[in-house]
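In case you want the letters, here they are:
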Amino acid sequence: MSAKQGQITEIESSGTFLFLRKENDKDNTYTMIYFMGSEFIPSSEISIPPDVAIKKMPAPKRASYDGHLRFKVPVEYLACDKYRVLDDIQMGDYGELNYSFSPQAAPGTGSSSIKWLQTSFHDFIKSGNALTKEKVSSSAGAK
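Values in this document were obtained by computation on a predicted structure and should not be read as measured data.

Trainee: What exactly am I supposed to notice about the overall build of the protein here?
Mentor: Regarding its fold elements, the protein presents 4 helices and 8 strands. Ordered by position in the sequence, the α and β elements of the protein form the string β-β-β-β-α-α-β-α-β-β-β-α. By residue count, 33% of the 143 residues in the protein fall in the buried class. Sequence-distant contacts in the protein: of pairs separated by 6 or more residues, those separated by 24 or more amount to 64%. About 8,800 Å² of surface is accessible on the protein, with carbon and sulfur atoms providing 51% of the total.

In structure tokens:
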């Protein structure tokens, strides 16, 4: 995959993800939000849903695991309607995560090869909590 200089390609995606944790930077200007998707085991070609995988993970690993997807959100955005859900979720909450990503090339390299994916949060509709066994009805979780 390659991207032309100055060209932005944004790909929308969604899936069932589990919220792991959020951490503010040392200056309290940004919050990193960590989500975990399904765990895929290539040798047996099975996929373990994130709510099942988190239950099997030891508590110390849960506290430091970076998951599969993360978002860097300015702290002041957490008060906005779009991001408020990120301020209210708890470890183990899972549901439908809607996001987009766009391939990014490293600036000044002269290369158009992809160096990282920039992610953008759109919405999270909670359906339950894997750690407390709480379930949310589909109408209660929808916005």
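Trainee: How should I be thinking about the pairing of strand S2 (residues 30-36) in this particular structure?
Mentor: Moving residue by residue along a regular strand, the side chains alternate between the two faces of the sheet. Counted residue by residue, S2 has 5 buried out of 7 residues, so it is predominantly covered. Relative to S2, strand S1 (residues 11-24) runs antiparallel, the two sharing 6 bridges. If you follow Glu-23 over to S2, its bridge partner there is Met-32. Hairpin geometry of S1 and S2 is characterised by an intervening segment of 5 residues between the two adjacent antiparallel strands and by a positive phi of about 60° at Asn-28. Note that S2 and strand S5 (residues 69-74) share 6 bridges and pair antiparallel. Across the sheet, Thr-31 pairs through a bridge with Val-73, a residue of S5.

Trainee: Honestly, the pairing of S1 in this entry has me stumped. Any pointers?
Mentor: Where S1 and strand S6 (residues 93-104) come together, 8 bridges link them in antiparallel fashion. Bridge assignment links Thr-16 to a residue of S6, and that residue is Glu-96.

Trainee: What should I look at first to understand the nonpolar core in this one?
Mentor: As a rule of thumb, nonpolar side chains are buried together in soluble globular proteins. Membership of the largest hydrophobic core comes to 16 residues, with the highest contact counts inside it found for Phe-35, Phe-71, Leu-86, Leu-97 and Phe-121. Contributing elements (two or more residues each) for this core: S1, S2, S5, helix H3 (81-88), S6 and strand S7 (116-129). Setting aside its immediate chain neighbours within four residues, Phe-71 contacts Thr-31, Met-32, Ile-33, Phe-35, Leu-97, Tyr-99, Thr-119, Ser-120 and Phe-121. Counting 10 residues, the second-largest nonpolar core is a separate cluster that includes Leu-18, Leu-20, Tyr-34 and Tyr-65.

Calculation rules
- Residues numbered from 1 in each chain as written.
- Predicted model: local features only at pLDDT ≥ 70, side-chain atom pairs only at ≥ 80, totals over all residues.
- Heavy atoms only, no water.
- Helix = DSSP H or I, 4+ residues; strand = E, 2+ residues; numbered from the N terminus.
- Buried < 20%, exposed > 50% of the residue type's maximum accessible area, 1.4 Å probe, protein only.
- Contact = heavy atoms within 4.5 Å.
- Areas by Shrake-Rupley, 256 points an atom, 1.4 Å probe, with all protein chains shown as cover.
- Pairing = 2+ DSSP bridges.
- Core = buried A, V, L, I, M, F, W, Y, C linked by side-chain atoms within 4.5 Å.

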